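Summary of the model geometry
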Amino acid sequence: DGISVTSPAGEIKLREIFGIYASSGNLTSSSFDIGSPGNFHNIIWQPTAQPPDTGADSVKFQIATNNDNATWNFLGPDGTLNTYYTTSSSNINAVHNNDRYFRYKAFLSTASTMWTPNIADVSFTFTSSCVPPGQVIFTGLANGNYDINITHALYQNYSSPVNIGASWQAHEAV
């Protein structure tokens, strides 16, 4: 729907045809399973600044959560269908608390079809009984080698290779 995720791979941009970008588009994420009903805290995306020629609020999001992984009602920061998260690190409305599954919908637009906004990274913070603060769970990983990279402005960066060889395992970053 007017979106490209292939150039460069993984970034969300407006679709380009012969040097002209689509004026708008949207993308719905896959479902994220946080393991049990939890509380959602912030939605974060990078980069936070977009080219000025794309116009105000050229990147915005809505969030949907549920406990059945099937019913998706995308809502903004006031808990309605009519608003959008327009600032990275925004607090997620408490209407989503006590749900297990999470999706976001990204909306991109531009005031000038010579320019596109782009999103290189989207994340959200949450707590649940399965994943207390400071922990993360990855489900559905195939056996193999992965790299863990942890960064936070207030802490030392951490990187480590991990070999997944069992259906459940833990790795402690120290």
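Residues numbered from 1 in each chain as written. Predicted model: local features only at pLDDT ≥ 70, side-chain atom pairs only at ≥ 80, totals over all residues. Heavy atoms only, no water.

1. Let's talk about the overall build of the protein chain
To keep it simple, the criterion reads: Labels follow the DSSP assignment, with helices taken as runs of H or I lasting at least four residues and strands as runs of E lasting at least two, numbered in each case from the N terminus. Each residue is assigned to one of three classes by its accessible area relative to the maximum for its type, calculated with a 1.4 Å probe on protein chains only: buried under 20%, partly exposed between the two thresholds, exposed over 50%. Here the Shrake-Rupley method, with its probe set to 1.4 Å, supplies the accessible areas, and only the displayed protein chains count as covering residues. Residues scored as charged are limited to Lys and Arg (positive) and Asp and Glu (negative), so that His and the chain ends carry no count. Charged groups are reduced to one reference atom each: NZ for lysine, CZ for arginine, CG for aspartic acid, CD for glutamic acid.
Within the protein chain, the secondary structure is distributed over 0 helices and 13 strands. Reading the secondary structure of the protein chain in the N-to-C direction produces β-β-β-β-β-β-β-β-β-β-β-β-β. Counting only C-alpha atoms and orienting by the principal axes, one finds that the protein chain spans roughly 50 × 35 × 35 Å. Scored against the burial criterion, the 174 residues of the protein chain give a buried share of 32%. Here the protein chain has roughly 10500 Å² of accessible surface; of this, 51% comes from carbon and sulfur atoms. Counting 6 positive and 12 negative side-chain charges, the protein chain places the averaged centre of each group 7 Å from the other.

2. Points about the sheet that holds strand β1 (residues 3-6)
The test is simple: Two strands are said to pair when DSSP picks up at least two bridges between them.
The 3 strands lie next to each other as β1-β2-β10, forming an open sheet whose pairing is antiparallel. The sheet terminates laterally at β1 and β10 (118-119), the two strands that pair on one side only. One ladder, built from 2 bridges, connects strand β2 (residues 9-14) with β10; its direction is antiparallel. Bridge pairing links I12 to I119 in β10.

3. Structural notes on the environment of L141
Mapped onto the fold, L141 is located in the loop between β11 (121-128) and β12 (144-150). Taking the relative accessible area as the measure of exposure, L141 reaches 39% and is therefore partly exposed. Each C-alpha atom of the pair L141 and G165 lies 9.9 Å from the other, and the pair is 24 residues apart in sequence.

4. Looking at the confidence of the model for the protein chain
Keep this limit in mind: Every residue carries a pLDDT, the predictor's confidence in it, which falls somewhere between 0 and 100.
Taken residue by residue, the protein chain gives an average pLDDT of 91. The fraction at 70 or more is 98%. Element-level pLDDT for the protein chain is lowest in β12, with a mean of 87, against a maximum mean of 98 in strand β7 (residues 59-66).

5. Things to note about unusual backbone geometry
That bond from S7 to P8 is cis: its omega, -5 degrees, falls within 30 degrees of zero. Within the fold, P8 resides in the loop between β1 and β2. Of note, the phi angle at D57 is positive, near 50 degrees, even though the residue is not glycine. Take D57: it is sitting in the loop between β6 (32-46) and β7. You will see that N98, though not glycine, has its phi angle at about 75 degrees, which is positive. Within the element layout of this structure, N98 appears in the loop between β8 (90-91) and β9 (99-109).

6. Focus: the pattern of salt bridges
Keep this limit in mind: Definition used for salt bridges: Asp or Glu carboxyl oxygen within 4 Å of a side-chain nitrogen of Lys or Arg.
In the structure shown here, the tally under the stated rule is 1 salt bridge. Measuring nitrogen to oxygen at the nearest pair gives 2.6 Å for the salt bridge that ties R100 to D33. Linking R100 in strand β9 with D33 in strand β6, this pair joins segments that are 67 residues apart in sequence. A relative accessible area of 26% means that D33 is categorised as partly exposed.

7. Quick look at the side chain of T110
So the rule is basically this: The contact rule is simple, with two residues in contact once any of their heavy atoms fall within 4.5 Å.
Within the fold, T110 resides in the loop between β9 and β10. Apart from residues lying up to four places away in sequence, T110 is in contact with L14, A22, S23, D53, T54, W115 and P117.

8. Observations regarding the nonpolar core
For clarity, the cut-off: Take the buried Ala, Val, Leu, Ile, Met, Phe, Trp, Tyr and Cys residues and link them wherever side-chain atoms come within 4.5 Å; each set so joined is a nonpolar core.
Residues I43, F61 and I92 are the most contacted members of the largest nonpolar core, which totals 20 residues. Elements with a contribution of two residues or more to this core: β2, β6, β7, β9 and β11. In contact with I92, other than residues within four places in its own chain, are F40, H41, N42, I43, I63, Y85, F102 and F124.

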